[in-house]
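Chain by chain, the residues:
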Protein chains: 2
Amino acid sequence: MSDARLTLGTVGAPSRGFPEAEFATRTEKAQALMAQQGLHGMLLLTEPEVRYFSGFHTLFWQSPTRPWFLFVPATGKPIAIIPEIGAELMRQTWIEDIRTWSAPAPSDDGISLLTELLSPLAQSGGRLGVLKGHETNLRMPLGDYERLMSSLRGMEVADATGLVRALRMVKSEAEIEKLAHICGIGSRTFGEVPQLAREGLPFEDLFRLFRREALFQGADDVPYLVGGADQGGYHDVISPPSPRPLQRGDIFMLDTGATWDGYYCDFDRNWAIGHADDASRRAYDVLWRATEAGIEAARPGTTCRDLFHAMQSVIAELDDQGGDVGRLGHGLGMQLTEWPSHAAFDDTVIEENMVLTFEPSLSYGDGRIMVHEENIVVRADGAKLLTQRAATELPVI
Amino acid sequence: MSDARLTLGTVGAPSRGFPEAEFATRTEKAQALMAQQGLHGMLLLTEPEVRYFSGFHTLFWQSPTRPWFLFVPATGKPIAIIPEIGAELMRQTWIEDIRTWSAPAPSDDGISLLTELLSPLAQSGGRLGVLKGHETNLRMPLGDYERLMSSLRGMEVADATGLVRALRMVKSEAEIEKLAHICGIGSRTFGEVPQLAREGLPFEDLFRLFRREALFQGADDVPYLVGGADQGGYHDVISPPSPRPLQRGDIFMLDTGATWDGYYCDFDRNWAIGHADDASRRAYDVLWRATEAGIEAARPGTTCRDLFHAMQSVIAELDDQGGDVGRLGHGLGMQLTEWPSHAAFDDTVIEENMVLTFEPSLSYGDGRIMVHEENIVVRADGAKLLTQRAATELPVI
């Protein structure tokens, strides 16, 4: 046995879940936007959306077997159409109308229940919102979706991505409290890395120690952990760890998405083992200052494009190509990455209470890449860090 | 800091990844089936399918922002159409034709690359396989899919779910080795639970201790952990943990999907704290014997329906309704749950080298539910356990 001591667990943790008023407010805001956009209902299929409007929270979504549906009507509470296995948990939420079937049932996985629910909409030529846009997916069998829609002729299907995106991008104080808590856990975990990492340690074992430390510090889970390590800089930022032992002269990076009560932190840290080469130190300094430029520029009324340019103008000191990541940060919340994107294509206006990452990256040397990331909340007077700011110089272990 | 000792990490671990021949064999088998079914290509979008044919393995799929595509042609190696951020990692695989774009790019997230690739198929009236069937989803924006398909008129789209399912359900020896390894890690972790759990321990903290133990025992990750705990039996099998401390008389269950090199175990264990009530002991005994009946019945040539009835006939001693889970086990591999289902609707014929779970469940008492689960591989002469068989009687801590 390894270690049966209590973890720091619930120390300093906010309360779990949300008061019913949070879901009522979210639903009312959605319904106001639906009315503006002429939507008579919204059919949601994806985990964050179902959780956002219902509070239904389970890891069971990892099983791809069963589809789950939440219908947001023009007025009143959402209606859940879900597999029977989820009924007990759904009854703990504010949802009252819960319609279930014994799933899996390949011949009818909720389709007749949906047809019954949506037929009035079809008969009146109504307009149904579904998520069809950027960063969304269809979490049900495509064949079932096509059959459902062909049985609902007369109903217009509209893309509700913009509506849901507008709501979810701006966080409530209760959401920000959860995000601040997990960012604190992540910061304390990164703070322990100099005690965990050392020359000779297999990189994959550092991943295990990091995950164990994050759990000790109070994370519920560490769903996302990637990194890179190599002499004079790493080459890739999305790989699983190799068994290669850390060596003197390695630059290594860990990037984690840890969760607390279903909310993510998403940031990374860089270190050198024994010795940091000049090129990596320079890259680190540029990225640190690019992040600072992003933090300073973030306030209500600016755009994601502005934030991108603020960071990119510093990155350009070393790399004017822009790197492979495709953007310099993004939204953060119930998902590891959420809308918007700090990119030239994204003219989203920054609003108070958005939670964002700044994630400048650059290429340098012989195919090296470096990334740097912090998490912030936008307040009326500017960005407030949720993460403990990285050291100003590349730390050497 | 909690614990910087080395974990058991790589002790006894098989080698990571697969030799190139594994991917060549998978692709050739797919292409033989494609020829039989008149498919001129297959477009795959989901993590397990892309990994199955390419070896591309990253947790980055957790970010919903970018779509990923792998095209399996009628002959030759698959072609990757992926965001630039994944190019370096894809180049480590056996894939040679890697076409990238700078993603995210909401106006064209791979669509023009796909159109270019698939246009010849459309012009010749060819037939493209995509996954549209049970337990699949469309991991790209629905709007982009609709636009892509409308630009490829002349091309017939067919459901390739059966084809992919037939391949993935039967595991190679290298896959079975990985599955056996993670099942062993899971078994050792469950073996430590009597040292981790005790009266007064918040249930959510037991989850943290369990995850830490699984990592210590060598798991790469513990993406799935659910459970239940309550006096005289739990009510729900998919919930996140409550902060409620364990009490004498509680029956509690932990169900985990831990991973090693991208392969899952999926099984659970039950315990009592201090005292086990008679109804729970009886339920446990029935489920243990139902599992045994499934294990005994599993051999090449039987069907999933047969396995369902073998288990259900034992469960019927206590519960002839069948419970809420909807099936009594399923396939296991790169996903927590895979085809087939041990259910009355599933007439899949059991084949050698399928890896399966047996997961009988029942309702008892005043709305209690109990589940029991083991993982096996089907060999020519019957089932071989990958998990260390649960105790014959409900263990009391």
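Everything numeric in this text was worked out from a predicted model, so none of it was measured. (Residues numbered from 1 in each chain as written. Chains lettered and ligands numbered in written order. Predicted model: local features only at pLDDT ≥ 70, side-chain atom pairs only at ≥ 80, totals over all residues. Heavy atoms only, no water.)

## Things to note about helix α1 (residues 20-37) of chain B
Residue and element names in this part refer to chain B.
Here is step 1 of the chain: Given a rise of 1.5 Å per residue, 18 residues ought to cover 26 Å, and the 26 Å separating the end C-alpha atoms of α1 matches this to within 8%.
Here is step 2 of the chain: Among all positions in α1, only E22, F23, A24, R26, T27, A30, Q31 and M34 are buried.
Here is step 3 of the chain: Residues of α1 that are buried make contact with β1 (41-44), α2 (47-54), β2 (69-73), α6 (161-169), α7 (173-196) and β9 (263-264).
Here is step 4 of the chain: Remark: G38 follows α1 within two positions and exhibits a positive phi of approximately 70°. (Helix = DSSP H or I, 4+ residues; strand = E, 2+ residues; numbered from the N terminus. Expected span 1.5 Å × (residues − 1). Buried < 20%, exposed > 50% of the residue type's maximum accessible area, 1.4 Å probe, protein only. Contact = heavy atoms within 4.5 Å.)

## Notes on the interface of chain B and chain A
Here is step 1 of the chain: Between chain B and chain A, the residue contacts involve 88 residues of the former and 88 residues of the latter.
Here is step 2 of the chain: Carbon and sulfur atoms supply 56% of the area that chain B and chain A bury against each other, a total of about 7500 Å² over both sides.
Here is step 3 of the chain: The interface formed by chain B and chain A contains eight salt bridges.
Here is step 4 of the chain: Summed over the shared surface of chain B and chain A, the result is 32 residue pairs in polar contact (both at pLDDT 80 or more).
Here is step 5 of the chain: Elements represented by at least two residues in the side of chain B that touches chain A include exactly α3 (87-90), α5 (142-150), α7, α8 (203-216) and β7 (221-231) of chain B.
Here is step 6 of the chain: With nine residues, the single largest contributor to the side of chain B that touches chain A is α8 of chain B.
Here is step 7 of the chain: A breakdown of the residues in the side of chain B that touches chain A according to their chemical character gives 39 nonpolar, 24 polar and 25 charged. (Buried area = accessible area lost by both parts, 1.4 Å probe. Salt bridge = Lys/Arg side-chain N within 4 Å of Asp/Glu carboxyl O. Polar contact = N/O pair within 3.5 Å; in protein donor to acceptor, adjacent residues only side chain to side chain. Nonpolar A, V, L, I, M, F, W, Y, C, P; charged D, E, K, R; others polar.)

## Considerations on unusual backbone geometry
Residue and element names in this part refer to chain A.
Here is step 1 of the chain: Of note, the bond from A103 into P104 is cis; its omega dihedral lies within 30 degrees of zero at 0°.
Here is step 2 of the chain: By secondary structure assignment, the location of P104 is in the loop between β4 (97-101) and α4 (111-123).
Here is step 3 of the chain: The omega torsion across W339 and P340 is -5°, close enough to zero to call that bond cis.
Here is step 4 of the chain: By the secondary structure assignment, P340 is in strand β12 (residues 338-341).
Here is step 5 of the chain: The backbone phi angle of E135 is positive, close to 70°, even though this residue is not glycine.
Here is step 6 of the chain: Judged by its relative accessible area of 7%, E135 is buried.

## Describing the pattern of salt bridges
Here is step 1 of the chain: Evaluated as defined, the whole model comprises 64 salt bridges over all chains.
Here is step 2 of the chain: One salt bridge in this structure joins R168 of chain A and E338 of chain A, with 2.8 Å as the shortest N-O distance. Here R168 of chain A, found in helix α6 (residues 161-169), pairs with E338 of chain A, found in strand β12; they are 170 residues apart in sequence, far enough to count as distant. Each member of the pair, R168 of chain A as well as E338 of chain A, carries the same accessibility label: buried.
Here is step 3 of the chain: Note that E175 of chain B and R26 of chain B form a salt bridge whose closest N and O atoms lie 3.6 Å from each other. Within this pair, whereas E175 of chain B is found in helix α7, its partner R26 of chain B is found in helix α1, the two being separated by 149 residues in sequence.

## Let's talk about the environment of A343 of chain A
Residue and element names in this part refer to chain A.
Here is step 1 of the chain: Note on placement: A343 falls in the loop between β12 and β13 (355-358).
Here is step 2 of the chain: As for A343 and G326, which are separated by 17 residues in sequence, their C-alpha atoms are 7.4 Å apart.
Here is step 3 of the chain: Once residues within four sequence positions are removed from consideration, A343 is found in contact with C304, R305, F308, G326 and R327.

## Details of the pairing of β12 of chain A
The side chains of a regular strand alternate, first on one face of the sheet and then on the other.
Residue and element names in this part refer to chain A.
Here is step 1 of the chain: One ladder, built from two bridges, connects strand β11 (residues 330-331) with β12; its direction is antiparallel. The residue bridging G331 from the neighbouring strand is E338, located in β12.
Here is step 2 of the chain: Between the end of β11 and the start of β12, which pair antiparallel, lie six residues. (Pairing = 2+ DSSP bridges.)

## Quick look at the domain arrangement of chain A
Residue and element names in this part refer to chain A.
Here is step 1 of the chain: When its domains are assigned, chain A resolves into domain 1 (20-169) and domain 2 (173-385).
Here is step 2 of the chain: The interface is formed by 15 residues belonging to domain 1 together with 18 residues belonging to domain 2.
Here is step 3 of the chain: For the pair domain 1 and domain 2, the two sides together bury roughly 1500 Å², of which 50% comes from carbon and sulfur.
Here is step 4 of the chain: A per-residue breakdown of the area domain 1 buries against domain 2 is headed by E135, R168 and M169, which together make up 42% of the total.
Here is step 5 of the chain: Along the contact surface separating domain 1 from domain 2 lie four salt bridges.
Here is step 6 of the chain: Measuring nitrogen to oxygen at the nearest pair gives 3.7 Å for the salt bridge that ties R165 to D346.
Here is step 7 of the chain: For the side of domain 1 that touches domain 2, the secondary structure elements donating two or more residues are α1 (20-36), α2 (47-54) and α6. (Domains from an automatic or database assignment.)

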